[in-house]
Amino acid sequence: MTTAHEMNASPPRPAPQLPPPESLWLRTSRHPLVWPLVTLALILAVNASLNPGLWHLEWRNGHLYGSLIDIVNRAAPLAIVALGLTLVIATRGIDISVGAVVAISGAVAALMIGGDLKIVDGQPVHISHWPLPVALLVALVAAAACGAWNGLLVARAGLQPIIATLIMMLAGRGAAQLLTSGQIITIYYPPYFVIGNGFFLGVPVAALIALAVWLGMTLLLDRSALGLFIQAIGINPRAARVAGVRARTITICVYAFCGLCAGVAGLIVSSNVKSADGNNAGVLMELDAILAVTVGGTLLTGGRFTLAGTVIGALIIQTLTSTIYAIGVPPEINLVVKAVVVFAVMLLQSPEFRRQVRALAFRGGAR
Amino acid sequence: MLKAEGISKRFGAVTVLDEVRLHLRAGEVHALMGQNGAGKSTLIKILTGVYPVTAGTLALDGAPIAPASPLDSQKLGISTVYQEVNLCPNLTVAENIFAGRFPRRGWGGLKAIDGPRMVRETRALLTRLNLDIDPTQTLGTLPVAVQQLVAIARALSVDAKVLILDEPTSSLDDSEVESLFTVLRGLRASGLAILFVTHFLDQVYAISDRITVLRNGRFVGEWTPAELPAPALVSAMVGRDVALASAEAADAQAAAKPADSATPRLQLRGFGAERRIHPLDLDLRDGEVMGVAGLLGSGRTELARLLFGLDAADLGTLAVQGETVRFTHPAQAVKLGLAFCPEERKSDGIVGELSVRENIVLALQARTGLWPCIRPARQRELAQKYIDLLGIRAADSDMPIALLSGGNQQKALLARWLATAPRVLILDEPTRGIDVAAKQELMNEVMRLAREGMSVLFISSEIDEVLRISDRIVVMRDRRKAGELPRGATEAEVMNLICEPAAA
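Residues numbered from 1 in each chain as written. Chains lettered and ligands numbered in written order. Predicted model: local features only at pLDDT ≥ 70, side-chain atom pairs only at ≥ 80, totals over all residues.

Remarks on the pairing of strand S21 (residues 472-477) of chain B
Along any regular strand, the residues point their side chains to alternate faces of the sheet. Residue and element names in this part refer to chain B. Note the cut-off: Three classes are used. A residue is buried when 20 or more other C-beta atoms lie within 10 Å of its own, exposed when 12 or fewer do, and partly exposed in between, with C-beta atoms placed from the backbone. Helix and strand definitions follow DSSP, with helices as H or I runs of at least four residues and strands as E runs of at least two, each counted in order from the N terminus. Two strands qualify as a pair provided that DSSP identifies no fewer than 2 bridges between them.
With five of six residues buried, S21 lies mostly within the body of the structure. In this structure, strand S15 (residues 289-293) lies alongside S21, joined through four bridges in parallel fashion. Counterpart to Ala293 in the pairing with S21 is Val475. The pairing of S21 with strand S22 (residues 480-486) spans six bridges and is antiparallel. Pairing of Val475 across the sheet is with Gly483, part of S22. Hairpin connection, S21 to S22: the antiparallel pair is bridged by two residues, and Asp478 has positive phi, about 50 degrees.

Listed below in structure tokens is the structure:
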């Protein structure tokens, strides 16, 4: 070992000067999760100032109740979709069909459950067409298959991800409308409602599902080499292939997983509203999900990604939406307000922009 | 003409350049020499305004300058051609040459790009370079060597006073180098100052009027070629005497080689692919270094890609350790103990934003599969082992590999494959773009690995390297095997096989 050193660095380099001790502030400000957290805190603060009841939590009917719980509950499907999408984006891809897949999964579940009220032994009983687990499984398999199809188009047929998933966005939406015959299918089967409305140990089931997805993914990425492979594929797919990484297989699996996540979100959404709406379920959800991923700090150019950032991103988007509703912005301008806030958030997160602002501030201070 | 004095550059705590000076005079070709990581690229980036200096002064024609950006330095008259081709493969040759300053036609706000004029001027420029290509051709369809010449044409199209060439010849063959030199001599006569970075010593002596040597970020000296013969130049770069050409060592190694086992490690019979490689037979034995010589486009790289499963072989058979296999994906080849360092380091090799450590463990992890994951502590240990073994210059194994110099990236790629303990190592131009000392170290390492039983396929366009290292040499020509030579063959014999016209 020493010989190798000596061979290479014959005249020793000048002793490296120790880097100036970095201030705690500087070190923190570089952590990738700091800016998403700051953003979330800011939006919550604005919300709280306009809506004093925000922090109010109470225990009612055996579960937690309050605006915050409501936000977390509503953010759950978005967070799940965005988590799946994070991996796709990390492979340098994109999936804009997730909204359509949300609708498909809800429609399949609704059709298979349906729900009839029957009188058995003088008691009213709700009966589903198929057993609930079967219905859920089929809905999820359908969603994963949509994702796998996207993956095949991208990895095997070599389509650009945005085109491949644009096809699925249209075809999937069409399929969902076909399944529901363009109607809203109402579900009459209370056990199904637990997914989107239920509580477990006082916490919304939907939020628990999102938490489970997040923790499960984190564990998987930590214990396996999947994270390394996905990043390698996202940064340099050719080099990853030469190194023996099964880039295509992994890409297809990642898209399939993204579809599966959208399927889970579809179940939560349809369970929450106790119906399946092929026309409107999941509409524009793909855009919210992409926003959540980006706001969370994952670059659309692929490579490095952060799941925690995505979860925070989903909370940011949902808090923003809730805030807009809560403070009574007229519906016709709420998209504009949302756009402005997202714009501000993106600027805040751009290191280049922050550098310019700092430079301006310093010049101003020196004057 | 261009004077740089006391140039220092620090990145954080690392001093990359320390009080370096460089004097370029009008009408001279000035060679800038140094090992990988000596600071050549950094110095060039300072001259071209990519990095600001930490200390020191730059002056052009006596007036101090401080280029703030590459565009800025271009306006000052400093034009650069970088080591790796930095053009847009999807644009035409003419568009690449004029990108950013298209000639305009028309009045006021309605100026359209003057396409015909652009093509006309491009053609004139290319004629100056003796390059006969169609300016409207898409750049990506041309061979890399031609792309490199287009990059030089682009640099010349600006009215430059100083032309900087950062390893312009690393992807050119001999005749292309000669035509480039003819152009450079013409430019020198017209009073241009040319800064020329290369690792090829013979080229330094063929063209340069003056040599500046850097070592470890410091200025070692400035000489004329007459004052500094090749051995002295090498010791100036390395800071010690290098033992060149270790043919005796290789001979001793051949003697100590284990007896040939019955089954060759790789056996090719009529192996090839339609329109890529004509069927050929080849045996690679245990612990053997097989050299592959041939010109650019002779089928060297194609052979390696077929062997490794990057392209599908559809003719003949390939047997690994006696077992016939058909690879459809490199992963299968890796599983059987093959390893492949590709020629195109940037596009097929490194994963730029990942750390050195992650790049080194990538192939091993890919062979292991998703599970179990190599723990970070173990990754660091592995990476450090190879950083020490191969002398990779990296501040630590967690820095992104893209920040390493070219030669160190090459070593890290070698480390990636050594970590998989391969039985067959395929090296495609492993010594391209790395300096003399690193080349020697790399070749010593290859010979040591062969002694331990690894079989090596060593592809190189530098014949003396192939001769020095190989137990046997296969010569490729026109995508077929032209012949096979034993150890001890002369350069002339190899050249004969390479050049022998197919008609003969």
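Points about the pairing of strand S2 (residues 63-66) of chain A
All names here are of chain A. The sheet contact formed by strand S1 (residues 57-60) and S2 spans four bridges and is antiparallel. Note that in S2 the partner of Leu57 across the bridge is Gly66. In sequence, S1 turns back onto S2 through a hairpin of two residues, with Asn61 there showing a positive phi of about 50 degrees.

Here's the deal with the domain arrangement of chain B
Residue and element names in this part refer to chain B. Stated formally: Domain start and stop positions are those given by an automatic or database domain assignment. Note that contacts rest on C-beta atoms placed from the backbone: two residues are in contact if these are within 7 Å. Amino acid classes used here: Ala, Val, Leu, Ile, Met, Phe, Trp, Tyr, Cys and Pro are nonpolar; Asp, Glu, Lys and Arg are charged; the rest, including Gly, are polar.
Here chain B is described as being made up of domain 1 (2-238), domain 2 (280-337 + 423-504) and domain 3 (345-421). Every contact between the two is made by twelve residues of domain 2 and, on the other side, eleven residues of domain 3. Only helix H11 (330-335) and helix H16 (436-451) provide two or more residues apiece to the side of domain 2 that touches domain 3. If you tally residues by element for the side of domain 2 that touches domain 3, the top one is H16, at four residues. The class makeup of the residues in the side of domain 2 that touches domain 3 is seven nonpolar, one polar and four charged.

Overview of the packing of helix H9 (residues 205-223) of chain A against helix H12 (residues 247-273) of chain A
Residues and elements named next belong to chain A. Under the convention used in this document: What counts as an axis is a line fitted to C-alpha atoms, over the stretch in contact for a helix, and the angles between N-to-C directions run from 0 to 180 degrees. Any angle that is under 35 degrees is reported as roughly parallel, and any over 145 degrees as roughly antiparallel; angles of 65 to 115 degrees are reported as roughly perpendicular and all others as oblique.
At a minimum axis separation of 11 Å, H9 and H12 run at an interaxial angle of 170 degrees. In terms of orientation, H9 and H12 fall into the roughly antiparallel class. Residues Ala206, Ile209 and Val213 of H9 pack against Cys261, Val264 and Ile268 of H12. A class-by-class count of the residues in the contact of H9 with H12 yields six nonpolar, no polar and no charged.

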